[in-house]
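Each chain is listed here by its residues.
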Amino acid sequence: IIGTKILCFISAYGLERDFLEVWVILDGDVITAVMTKFYDDITLLITDGTDTEQLSAFLGMFSYKTLTCNTEACERLNLSADVVKNGYIYAGESSDLTCDSLEEDDYRSAYNLINREIPDSFSNDKEAYLSFLSDFTFRKRRSLARGVCTHTDGKLSSVALTSSETEDSAIISGVACDRSLQKRGLGKITVLSLVNSLKSENKAVYVIALNSNAEGFYEHIGFKKTEQIAFVERKNYV
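Just so you know, these numbers come straight off a predicted model, no measurement behind them.

Next up on the list: the pattern of salt bridges. One pass over the full model with this rule turns up 7 salt bridges. Across the salt bridge formed by Asp-135 and Arg-139, the nearest N and O atoms sit 3.2 Å from each other. Taken as a pair, Asp-135 and Arg-139 lie in helix α5 (residues 126-141) at a separation of 4 residues, close to a single helical turn. Here Arg-146 makes a salt bridge to Glu-201, at a shortest N to O gap of 2.9 Å. With Arg-146 in the loop between α5 and β7 (147-152) and Glu-201 in the loop between α6 (186-199) and β10 (204-208), this residue pair connects regions lying 55 residues apart in the sequence. Taking the relative accessible area as the measure of exposure, Arg-146 reaches 16% and is therefore buried. Glu-201 sits in the partly exposed class, given a relative accessible area of 37%. It is possible to trace a salt-bridge network through shared partners that takes in Arg-146, Glu-165, Glu-201 and Lys-203.

Here it is, written out as structure tokens:
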């Protein structure tokens, strides 16, 4: 999951952007750790061969708002995770479920639905929406993000996006269904439709469950737990 996120950053934005910085730690010619800093957020992937003492000293040089890594990396770096969420990989069978592709006319409605149903994911303000819109459309034009949705009585009723894609993997996020229309299977249809699209391209499909209800939902439709993701907030961030 962490590797997919890092590779998508690099594929989407390259190495010459002011808002994205990339570092690697080498042991000879072998990369033992990769770190990206996207605006104020760090994403970190380490291997068994990483010199964690060196990496800890390196991290101490940076001002960042949050750091995302797996729990093993968090423990090896003696960091205290503020939030830990379970990551899943799709291990179910292929299905014939399909729904609509998310088009430009639905972007605002999709954002509003996600904000209303899972407010911790997207902020409810114009600046946050414009930031999402810019990033999502930029990645979509480069085949590094996509979205699907359903409509009920002419209105958007469910949505699922990919936040990161590479040649061989993808992370699904922004999954939301209008609560007034729950119990109709719209969430399952939407997620599995997106899974089918990704699996047809031979991509591993990941998702990070936001809470226990989401965990039960993903396990029910064919996902299995693969790792735990740690989110660390920098206490002295300014």
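This part is about the environment of Phe-122. Structurally, the position occupied by Phe-122 is in the loop between α4 (107-117) and α5. Classification of Phe-122 by relative accessible area gives buried; the value is 19%. Taking the C-alpha atoms as reference points, Phe-122 and Gly-174, separated by 52 residues in sequence, lie 8.6 Å from one another. Ignoring any residue separated from it by four or fewer positions in sequence, one finds Phe-122 in contact with Tyr-111, Ile-114, Asn-115 and Phe-132.

Take the environment of Cys-149 next. By the element assignment, Cys-149 lies in strand β7. Separated by 17 residues in the primary sequence, Cys-149 and Phe-132 have C-alpha atoms spaced 17 Å apart.

The N-to-C vectors of helix α1 (residues 2-13) and α5 enclose an angle of 80°; their axes lie 10 Å apart at closest approach. With respect to α5, the axis of α1 lies roughly perpendicular. In this structure, α1 contributes Cys-8, Phe-9, Ala-12 and Tyr-13 to the contact, and α5 contributes Asp-135, Phe-138 and Arg-139. Classifying every residue of the contact of α1 with α5 by side-chain character gives 5 nonpolar, no polar and 2 charged.

Our next topic: α4. For α4, every residue scored as buried is listed here: Tyr-107, Ala-110, Tyr-111, Leu-113, Ile-114, Asn-115 and Glu-117. Where α4 is buried, its residues touch α5, β8 (155-165) and β9 (169-177).

Strand order in the open sheet made by the 11 strands is β1-β2-β3-β4-β11-β5-β10-β9-β8-β7-β6, with mixed pairing throughout. Strands at the two margins of the open sheet, each flanked by one partner only, are β1 (20-27) and β6 (100-101). The sheet strands contacting α1 are β1, β2 (30-38), β3 (41-46), β4 (66-70), β8, β9, β10 and β11 (223-233), and the helix crosses β3 at an angle near 120°.

Among the nonpolar cores identified, the biggest contains 19 residues, and Ile-172, Val-191, Val-195, Val-205, Tyr-218 and Phe-223 are the most heavily contacted of them. Mapped onto this core, the elements with two or more residues apiece are β5 (83-90), β9, α6, β10 and α7 (212-220). The contact partners of Ile-172, leaving out residues within four places of it in the chain, are Leu-161, Thr-162, Val-191, Leu-194, Val-195, Leu-198, Val-205, Tyr-206, Val-207 and Ile-208.

What follows covers the side chain of Thr-166. Mapped onto the secondary structure, Thr-166 falls in the loop between β8 and β9. A distance of 3.1 Å separates a polar atom in the side chain of Thr-166 from a polar atom in the side chain of Asp-168.

Turning our eyes to something else, we now look at a negative patch on the surface. On the surface, Asp-100, Glu-103, Glu-104 and Asp-105 cluster together into a negatively charged patch. You can see Glu-104 is positioned in the loop between β6 and α4. On the basis of relative accessibility, which here comes to 63%, the residue Glu-104 falls in the exposed class.

So, on to unusual backbone geometry. At Asn-78, a position not held by glycine, the phi torsion is positive, near 55°. Secondary-structure assignment places Asn-78 in the loop between α3 (71-76) and β5. With a phi angle near 75°, Lys-183 is a residue other than glycine that sits in the positive phi range. Here Lys-183 is to be found in the loop between β9 and α6.

So, about the packing of α4 against α5. The geometry of α4 relative to α5 is characterised by a closest axis approach of 11 Å and an angle of 120° between their N-to-C directions. For the element pair α4 / α5, the angle class is oblique. Remark: the crossing between α4 and α5 carries right-handed chirality. Packed against α4, whose contacting residues are Tyr-107, Arg-108 and Tyr-111, the element α5 presents Ala-128, Tyr-129, Phe-132, Leu-133, Phe-136, Thr-137 and Lys-140 at the interface. Split into classes, the residues belonging to the contact of α4 with α5 amount to 7 nonpolar, 1 polar and 2 charged.

Conventions we followed
Residues numbered from 1 in each chain as written. Predicted model: local features only at pLDDT ≥ 70, side-chain atom pairs only at ≥ 80, totals over all residues. Heavy atoms only, no water. Salt bridge = Lys/Arg side-chain N within 4 Å of Asp/Glu carboxyl O. Helix = DSSP H or I, 4+ residues; strand = E, 2+ residues; numbered from the N terminus. Buried < 20%, exposed > 50% of the residue type's maximum accessible area, 1.4 Å probe, protein only. Contact = heavy atoms within 4.5 Å. Axes fitted to C-alpha atoms, helices over the stretch in contact; angles between N-to-C directions. Parallel < 35°, antiparallel > 145°, perpendicular 65-115°, else oblique. Nonpolar A, V, L, I, M, F, W, Y, C, P; charged D, E, K, R; others polar. Pairing = 2+ DSSP bridges. Core = buried A, V, L, I, M, F, W, Y, C linked by side-chain atoms within 4.5 Å. Polar contact = N/O pair within 3.5 Å; in protein donor to acceptor, adjacent residues only side chain to side chain. Patch = residues over 30% accessible without salt bridge, like charges linked within 9 Å, V, L, I, M, F, W, Y side chains within 5 Å. Areas by Shrake-Rupley, 256 points an atom, 1.4 Å probe, with all protein chains shown as cover. Lys, Arg positive; Asp, Glu negative; His and termini not counted. Charge placed at Lys NZ, Arg CZ, Asp CG, Glu CD. Left-handed = near helix turned anticlockwise from the far one by under 90°.

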